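If you want the building blocks of each chain, they are given just below.
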Amino acid sequence: MNPLVPYGALCGIPNIVRTKSGADLFYRDWGAGKPVLFVASWALASDSWNIQMMALVEAGYRVIAFDRRGHGRSSDPGRGYDFDTLADDIAAVIDALDLSGATLVGHSMACGEIVRYLSRHGGARIRGAALLAPMTPFLLQTPDNPDGMAGEVCAAVRRQLVHDFAGWIDENMEPFVPGAGESTRAWLRTMAMSASLHALCECNRALAQEDFRPDLARVDVPVLLIAGGRDASAPPGLTAHPTARLLPDATLKLYEDGPHGMFLTHRDRVNADLLEFIRSIGHNRLDQ
C-alpha cells in the first residue's frame, strides 16, 4: 500500500487515514493554499475546530483536522494512547495527505502530541505550531517538579470518569466555557460523550505522567502559545510560562480573562492571533 495515499481512497471509504498500527483516523480537509493541521483536545473531535477552520479557509488556507484514535469518527483500537503513538498518528495524516509547509494547531492535550511529533519526526514539513492552553511541559509532581499535581489527584479524575463521565462533564463545563449558552454546552457534551471511555482514561493517564521538557528543547520551528489567565485545567504558571521558557523560539500571548476553552469563548481573538502568526511565519521562514 502506498503510504502517501489515504487508506479510504483505496477502499472507497472517504476521509480515512489508516496508521501503521492499524487505527483508522477520520479527517476533514477544506480549501486550498498553505495547509494548517488542527489537532483537537482530549475528549473532543475535529468538529471542535469548526470556527477556526472556517476563519482560515476564508482567508485562503487549506485546513485539515482529524479525530484522535478513540475519538469522534476515528476507530477505537483499544491501544496506542501513549504519546509516541499519538505523535505517529499525526505523522500518518501528514504523510497520507502529503502536507508540506504546514502549520500545526493544537489545544490542551493535543499540544503535547504536537510537541512530541516535532521532537520525534522533526520539522521538515512544518512551518510553525500554535499551542492553545498547553498542558506541557510536565504535570506530575516529582522532586524536580514540586509545583506539579499529585499522582493521586490524576488517579481520582480517572475514577470519576469511570463512575460518572456525564456528571464529570457537567461539573467541569462552566470552568471550560464560562457563560456559554446551552446549545454550545450541549454540542460539547455530545462530542465528549461520543469518545471511547477507555481512550479517555488512557489518554488522561499518559498526559498525567509524560515529561515533555526534553522534547520542547528540540522543537526547531516558531511556536505561538496562547494561554488563559483563568484556565482552571492548565494554570499558566504550571504550563504555558515554563513551556515558553523551554522552547527555542516561542511567543506567548496571555488572555488575562481566558478560560481553558478560549478557542470558543474568545474565538475572534484566537482567530486573529492564529492568522497573524501563520502569516508571519510564512514571511519569516523560507518557503517550503
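So, how was this worked out
- Residues numbered from 1 in each chain as written.
- Predicted model: local features only at pLDDT ≥ 70, side-chain atom pairs only at ≥ 80, totals over all residues.
- Heavy atoms only, no water.
- Helix = DSSP H or I, 4+ residues; strand = E, 2+ residues; numbered from the N terminus.
- Expected span 1.5 Å × (residues − 1).
- Buried < 20%, exposed > 50% of the residue type's maximum accessible area, 1.4 Å probe, protein only.
- Contact = heavy atoms within 4.5 Å.
- Phe/Tyr/Trp six-rings, centres within 6.5 Å; stacked < 30°, edge-to-face > 60°.
- Lys NZ or Arg CZ within 6 Å of the ring centre and 35° of its normal.
- Axes fitted to C-alpha atoms, helices over the stretch in contact; angles between N-to-C directions.
- Parallel < 35°, antiparallel > 145°, perpendicular 65-115°, else oblique.
- Left-handed = near helix turned anticlockwise from the far one by under 90°.
- Nonpolar A, V, L, I, M, F, W, Y, C, P; charged D, E, K, R; others polar.
- Pairing = 2+ DSSP bridges.

Quick word on helix α7 (residues 197–209)
Then, in step 1: The end-to-end C-alpha distance of α7 is 19 Å, a good match for the 18 Å that 13 residues give at a rise of 1.5 Å each.
Then, in step 2: Every buried residue of α7 is accounted for by A199, L200, C201, C203, N204, A206, L207 and A208.
Then, in step 3: Turning to α7, the residues buried within the fold contact α3 (83–96), α4 (109–121), α5 (151–176) and α6 (182–193).

Brief notes about the packing of aromatic side chains
Then, in step 1: Counting across every chain of the model gives 7 aromatic pairs.
Then, in step 2: Both rings, one in F176 and one in F263, keep their centres 6.4 Å apart while their planes meet at 70°; by these two values the pair is edge-to-face. Placement of the pair is F176 in helix α5 and F263 in helix α10 (residues 262–265), with a sequence separation of 87 residues. The exposure classification of F176 matches that of F263, with both residues buried.
Then, in step 3: Linked through ring pairs, F38, W49, F176 and F263 together constitute an aromatic cluster.
Then, in step 4: R73 extends its terminal NZ or CZ atom over the ring of F26, reaching a point 4.0 Å from the ring centre.
Then, in step 5: A cation over a ring is seen here: R269 above Y255, with NZ or CZ 3.8 Å from the ring centre.

Side note on the packing of α5 against α6
Then, in step 1: At a closest axis distance of 11 Å, the pairing of α5 and α6 adopts a crossing angle of 135°. Compared by their axis directions, α5 and α6 come out oblique. For the pair α5 and α6, the crossing hand works out as right-handed. Residues F165, A166, I169, D170, M173, E174 and F176 of α5 lie in contact with α6, whose contacting residues are R185, L188, R189, A192 and M193.
Then, in step 2: Split into classes, the residues belonging to the contact of α5 with α6 amount to 8 nonpolar, no polar and 4 charged.

With respect to the sheet that holds strand β6 (residues 126–132)
Then, in step 1: What the 8 strands build is an open sheet, ordered β1-β2-β4-β3-β5-β6-β7-β8; its pairing is mixed. Of all strands in the sheet, those with a lone pairing partner are β1 (16–18) and β8 (250–255), marking the two edges. Here the strands of the sheet are splayed against their neighbours by 20° on average, with no regard to which way each runs.
Then, in step 2: The sheet contact formed by strand β3 (residues 35–39) and strand β4 (residues 62–66) spans 5 bridges and is parallel. Paired with V39 across the two strands is F66, which belongs to β4.
Then, in step 3: Set on the sheet, helix α2 (residues 50–58) makes contact with β2 (24–30), β3 and β4; between it and β2 the angle comes to about 40°.
Then, in step 4: α4 rests against β3, β5 (102–107) and β6 of the sheet, and its axis sits at about 145° to β5.

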